[in-house]
Amino acid sequence: MRSRPLCNPVLFPTHRSQHCETCFKTRIPASAAAATTTSKSARELERCSVCKKRYYCDRTCFTVAWKGWHRWICADKDMEDLDYEMLKMIVMSIERLRNGSFRDTISSAAPDASTTATTAGMPLQEPLELTAYVFSTLMGHSTVSDPGTLAKYEEIATRVREQLIQIKFPFKSSVSQGEPPSVQELIQYLCRFHCNNFSIHDAQLFTMAEGTFPVGALFNHSCRPNAIVMYEGQIQIVRALEDIEVGQEVCSSYVDNGVQRQERRLLLKEKYYFDCHCPRCEEEEEGEGDEKEESKDMVESESKKTADQRKTGFRILDDLIEGDQDGPNGDGKVDGEWLTKQFEAIILPGAKSLQMVGPPLKAPKIFTRASFTSYILHSLVPLIQSGATEAEYRARLFDVYGKLQSTEHCQPKPFTTTVMTHATSFFNTCLEHQSWRLASKIGCFILAQYLMIYPRHHPLVGLHGFTLAKSLWNDVEAGMTSVRLSYEILGLTRRILKVSHGIQRGDENGDLVREVEAFMKTVETELGSSPLPSPSA
Ligand SMILES: C[S@@+](CC[C@H](N)C(=O)[O-])C[C@H]1O[C@@H](n2cnc3c(N)ncnc32)[C@H](O)[C@@H]1O
C-alpha cells in the first residue's frame, strides 16, 4: 500500500546537505559525480541562497518548495527543532488544503511515474483530502500524557502560533476565518505526532527524516509483524512480509523485534501508551501465568522445568534472547582477542547443503556458536529458498526453537541480545579491517541469529545477507567454497529483498535488488563452468 505524508517530511538537520528537500533524492558525492557524464544539476544539490540551510536538486525542485512552504520557513531560526518544524508545516498544509491553494508536490517527486506500479485504475496513493481526514481521527492520548511533555508542547505550540501570525501566513479558509489554530488545538497535533509519526529511512534502513503519514499510522503494532514500512522518496510503502488472509489484521512493528520483551513493553507503554497483547507477547504471558500457578504446588526448579518443556513457539524466543551477559566473566566486558576466539570456531556452512530441501538437520547435543550457526542456517535457509508457506516456515522455526530450548547449550548462550550486540559491532570492525574470513564467520552467525528473531523477509535480514555475501566473495584465500556460499547467500538475499524492498525500477529500493542480481552475475562468471544450480528466483 502506498500512502502520502500530510506535509513535506522534515529532514534531520544532519542530513540536509545529502537530500533534496522536495523529492528526497540522495546527493551523489562530488567525487563520484565527477566521473559521470550527467549535468551538474543532476549530480549536486543546490543550496537556498537566502537561508543557506536547505538543499534542492535544481531550480524546479526549489520552485516547488518555494511556492509550497520554503518561503514561509526560510527566515525562521526556530526551524532547527523537529516538533516545531513539523507543527508549522502541518498547519500550513492543512490550511492550504482547506483554502484550495495546496499544490501537489508528491506526483512530481515520484521516482518514475511511468514505471510506478498501479493497481488497475487506482491512484498511486490516496488523495490528500483523505490524508488530512485520517490525521484528524488519529489517537493522541493527550489525557494520559505526562505534565512535563504537555508543558513542552504548550511552549512549542505558543511559539508556532505567534510565528504564523508574525509572518502573516494567510489563513483564508472558512474554517480558520483568518486565525491560526488555537494553542490547545496545536497541542493536540503534537500529541498525535508523538504516537503516530514515522522515522523515514533509506533503502539501507538509515533514518534521515521524520514524517506524518496518517494512513500508514492506522496500522497497529505486533512484535511479530506481517508487514513492513518502507519509503520511496516521500511516499510510504507498507509491504506484506507474508501472505495475509482476508480478515487477518495487518500489523507493522513499532519497535525492534530483537529487543527483549521487558524493554519492548516499556518502549510501547512510554511512547504509545498500550500493553502489547500481540500473539508473540500473548503466548509469552500465558507461559508466565502457567509458571506462577504451578510454582504454588511444586518445588520451584521442577516447576520451571515442566513449564519450559510445555512452552512452544514464540513463548520460547524471548527466553532465548534474554539473559546472559557476554564476555569471559559474563560481565559484558569483551576484547577483540576473546571475540576472535569465540567466532573463529564457526565453520562456514557448505553451499550445497544450504540448497537442500528436506528434513531439518539433526540438532547437535551441545549448542556452541559454531553448531548454532550451522544448525539454524541448514534448518531455515532451504525453506526460504524453496518459497515455503508461512505455516511451513513457522512450523520449522518453532521446531528449531524447541530444539534450542531442550538442548544443553554453552555458556554464555549463543543467542542473547548482548551476544548479538557484540557480534554486530565486531562484524563491522572486521569489515573495516578487511578481515574477510572472520567477518564471514561472524556474518553467518548474525544471519542465523536474525532468522531466529525476525520474520524471514524482514529487510534487515536481506541487507545483512548482501553484506555477508560480499564479505564471503572477498575471502579469496578460502577459494571456491567461499565463492559458492556467497552465491547461495546472494540467492537468499534476492528472494528476501524482492519482498521487503520490491522490484520497482528507478527507485532505490528496487535498484538494490538489481544490484544483487548484477553481483550474482559477477559471482556466476567466477564460478565458471560449474556453477551451482541456480537458486530459485
Ligand atoms: C500509530 S497508532 C495506530 C492506529 C490507532 N489504532 C488509531 O486508530 O488511531 C498507535 C496507537 O494505536 C494503539 N495501538 C497500536 N497497536 C496496538 C496494539 N497492538 N494493542 C493495543 N493498542 C495498539 C495505541 O493506542 C497506539 O498509541
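Thresholds applied
Residues numbered from 1 in each chain as written. Predicted model: local features only at pLDDT ≥ 70, side-chain atom pairs only at ≥ 80, totals over all residues. Near = placed C-beta within 6 Å. Helix = DSSP H or I, 4+ residues; strand = E, 2+ residues; numbered from the N terminus. Nonpolar A, V, L, I, M, F, W, Y, C, P; charged D, E, K, R; others polar. Pairing = 2+ DSSP bridges. Buried ≥ 20, exposed ≤ 12 C-beta atoms within 10 Å, placed from the backbone. Contact = placed C-beta atoms within 7 Å. Arc of directions from axis to C-beta.

The name given to the chain in an unreviewed UniProt entry is SET domain-containing protein, with Entomortierella parvispora as the source organism.

> I keep staring at the site of the ligand and nothing clicks. Help me out?
Close to the ligand lie 14 residues; Cys195, Asn220, His221, Tyr272 and Phe274 are nearest. Of all the secondary structure elements, the ones that give two or more residues to the shell around the ligand are α8 (183-196) and β7 (220-221). Residue classes in the shell around the ligand are distributed as ten nonpolar, four polar and no charged.

> In this structure, what is going on with the sheet that holds strand β1 (residues 2-3)? I would like to understand it.
Note on sheets: strands pair through backbone hydrogen bonds, and any given pair is parallel or antiparallel. In space, the three strands of this open sheet follow the order β1-β9-β8, with antiparallel pairing throughout. A single partner strand is all that each edge strand has here, and the edge strands are β1 and β8 (227-232). Pairing between β1 and strand β9 (residues 235-240): two bridges, direction antiparallel. Among the inter-strand pairings, Arg2 is bridged to a residue of β9, identified as Ile237.

> What's the story with the sheet that holds strand β5 (residues 198-201) in this structure? I'm lost.
In space, the three strands of this open sheet follow the order β2-β6-β5, with antiparallel pairing throughout. Either end of the sheet is taken by a strand with one partner, and the two such strands are β2 (10-11) and β5. One ladder, built from four bridges, connects β5 with strand β6 (residues 207-211); its direction is antiparallel. Its bridge partner lying in β6, Ser199 is registered against Glu210.

> Help me understand the environment of Val134, please; the structure alone is not making it clear to me.
The topology assignment puts Val134 in helix α6 (residues 128-137). Residue classification places Val134 among the partly exposed positions, given that 19 C-beta atoms sit within 10 Å. For the pair Val134 and Pro214, spaced 80 residues apart in the sequence, the C-alpha separation amounts to 5.7 Å. With residues up to four places along the chain from it excluded, the contact list for Val134 reads Pro214, Val215 and Leu218.

> Looking at this structure, how should I read helix α13 (residues 336-344)?
In an α-helix there are 3.6 residues to a turn, and that puts residues three or four apart on one side. Looking only at α13, the buried set comprises Leu339, Gln342 and Phe343. Angularly, the buried residues of α13 cover 85° about the axis, an arc narrow enough to put them on a single face. In α13, the exposed positions that point more than 90 degrees away from the buried face belong to Glu337 and Lys341. Against α15 (369-385), α17 (417-432) and α18 (436-453) lie the buried residues of α13.

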